[in-house]
Amino acid sequence: MDELKSTIAKNLTELRMHARLTQLQLAEILNYSDKAVSKWERGEAIPDIRVLIQLSELYGISLDRLVKGTEVAQHVKPKHRIISKRAFITVLSVILVWFVATGIFATLYFITPIADNAWLVFIIAPLPTGIVLTVFSSLWGNRTTTALSCSLILWACVVIVYVCVKRFVPDYNKIYVLYIVAAVFEILIIVWFVYRWYMSKKK
């Protein structure tokens, strides 16, 4: 068991350093504390199987090689290549959302009965954008980026409702309630992610 801990600790240290990640950066990716990462690399503890799988996917090596292999670092892509690839995929996905929105706008613009409201497509587009960003942030980001993307979803919904009410029910004067409700949900988002951060520090 001690030999296994030593092997895993050595591999984790080499892999992280070769990927040019600090312990804190790796901890944020895994939603753990840097203290936990430090314990793994000193051989004082072994990550659970879920984390080992996540690490093998992050570094692009097999789980077997991560646990048993030697000279594993040579198979790892440097940090900037990992981040660049993920950023490219995320940006491409966001562009696709707006490309689809533009296509829908162009289609609706030539349908006479609803042409005057075709621009509302661009008011709605930030919502799927926020959803896409939240998905990728959950996979590759950290708590901060996920919290920001969740906030984008919330306020995109607020803007959609506000604009639609002003557009179709202009005499409605209680729209301010929407902002109160949204502010409460924003506080809940902040509290939830602060709680997750606090719990990760205890791991």
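Not measured: the values here are computed from a predicted model.

1. Details of helix 8 (residues 126–140)
Its 15 residues give helix 8 an end-to-end C-alpha distance of 20 Å, which sits within 8% of 21 Å, the value for a rise of 1.5 Å per residue. Buried within helix 8 are the following residues: Thr129, Gly130, Val132, Thr134, Phe136 and Ser137.

2. A few points about the side chain of Thr146
As for its placement among the helices and strands, Thr146 is situated in helix 9 (residues 143–168). Take Thr146: its relative accessible area is 9%, and that puts it in the buried class. Contact partners of Thr146, with chain neighbours within four places excluded, come to Ser137, Ser138 and Phe193.

3. A word on the confidence of the model for the protein chain
The predicted structure's coordinates, where accompanied by low pLDDT, should not be read in detail. Confidence along the protein chain averages 85 in pLDDT terms, with 90% of residues attaining 70 or more. For the protein chain, per-element mean pLDDT is lowest for helix 5 (residues 63–68), which scores 79, and highest for helix 7 (residues 120–124), which scores 95.

4. Focus on the packing of helix 2 (residues 23–30) against helix 3 (residues 34–42)
Contact geometry of helix 2 with helix 3 gives a least axis separation of 8 Å together with a crossing angle of 110°. The angle between helix 2 and helix 3 falls in the class roughly perpendicular. The way helix 2 lies across helix 3 gives a crossing that is right-handed. Of helix 3, the residues touching helix 2 (which contributes Gln23, Leu24, Leu26, Ala27 and Leu30) are Asp34, Val37, Ser38, Trp40 and Glu41. Of the residues in the contact of helix 2 with helix 3, the class split is six nonpolar, two polar and two charged.

5. A look at the nonpolar core
Among the nonpolar cores identified, the biggest contains 21 residues, and Leu21, Leu26, Leu30, Trp40, Leu55, Tyr59 and Leu66 are the most heavily contacted of them. Listing elements by their share of this core, those giving two or more residues are helix 1 (2–18), helix 2, helix 3, helix 4 (49–59) and helix 5. Here this core takes five residues from helix 4, the largest share from any one element. In this view, Trp40 contacts Ala9, Leu12, Leu30, Tyr32, Ala45, Ile46, Pro47 and Val51; residues no more than four positions away in its chain are not counted. Of all hydrophobic cores here, the second largest spans five residues; its members include Val158, Val165, Ile175 and Leu178.

6. Concerning the environment of Cys150
Locating Cys150 in the fold gives a position in helix 9. Taking C-alpha positions, Cys150 is 20 Å from Leu96, a pair spaced 54 residues apart along the chain.

7. What about the packing of aromatic side chains?
Scanning the entire structure with this criterion turns up seven aromatic pairs. With a centroid separation of 5.5 Å and 90° between ring planes, the pair formed by Tyr109 and Phe110 is classed as edge-to-face. Members of the aromatic cluster, joined through ring pairs, are Trp98, Phe105, Tyr109, Phe110 and Phe122.

8. Section: the environment of Leu63
Tracing the sequence through the fold places Leu63 in helix 5. Under the relative-accessibility criterion, Leu63 is labelled partly exposed at 28%. The sequence separation of Leu63 and Leu52 amounts to eleven residues, and the corresponding C-alpha distance is 7.0 Å. Sequence-distant contacts of Leu63, defined by excluding residues within four places in its chain, comprise Ile49, Leu52, Ile53 and Ser56.

9. Let's talk about the state of the cysteines
Disulfides are covalent bonds that link the sulfur atoms of two cysteine residues. Under the counting rule described, the total for this entry stands at zero disulfides. Free of any disulfide, Cys150 has its nearest cysteine sulfur in Cys157, 11 Å distant. Residue classification places Cys150 among the partly exposed residues on the basis of a relative accessible area of 22%. With no disulfide of its own, Cys164 lies 11 Å from the sulfur of Cys157, the closest cysteine sulfur. In this structure Cys164 comes out as partly exposed when scored by relative accessible area, which is 28%.

10. Comments concerning the pattern of salt bridges
Across all of its chains, the model carries three salt bridges by this definition. Here Glu41 ties to Arg16 by a salt bridge, and the two come within 2.5 Å at their closest N and O atoms. Taken together, the positions of Glu41 in helix 3 and Arg16 in helix 1 put the pair 25 residues apart, joining distant regions of the chain. On the basis of relative accessible area, Arg16 is assigned to the buried category, the value being 11%.

Reading the values: rules and limits
Residues numbered from 1 in each chain as written. Predicted model: local features only at pLDDT ≥ 70, side-chain atom pairs only at ≥ 80, totals over all residues. Heavy atoms only, no water. Helix = DSSP H or I, 4+ residues; strand = E, 2+ residues; numbered from the N terminus. Expected span 1.5 Å × (residues − 1). Buried < 20%, exposed > 50% of the residue type's maximum accessible area, 1.4 Å probe, protein only. Contact = heavy atoms within 4.5 Å. pLDDT = per-residue confidence, 0-100. Axes fitted to C-alpha atoms, helices over the stretch in contact; angles between N-to-C directions. Parallel < 35°, antiparallel > 145°, perpendicular 65-115°, else oblique. Left-handed = near helix turned anticlockwise from the far one by under 90°. Nonpolar A, V, L, I, M, F, W, Y, C, P; charged D, E, K, R; others polar. Core = buried A, V, L, I, M, F, W, Y, C linked by side-chain atoms within 4.5 Å. Phe/Tyr/Trp six-rings, centres within 6.5 Å; stacked < 30°, edge-to-face > 60°. Disulfide = S-S within 2.5 Å. Salt bridge = Lys/Arg side-chain N within 4 Å of Asp/Glu carboxyl O.

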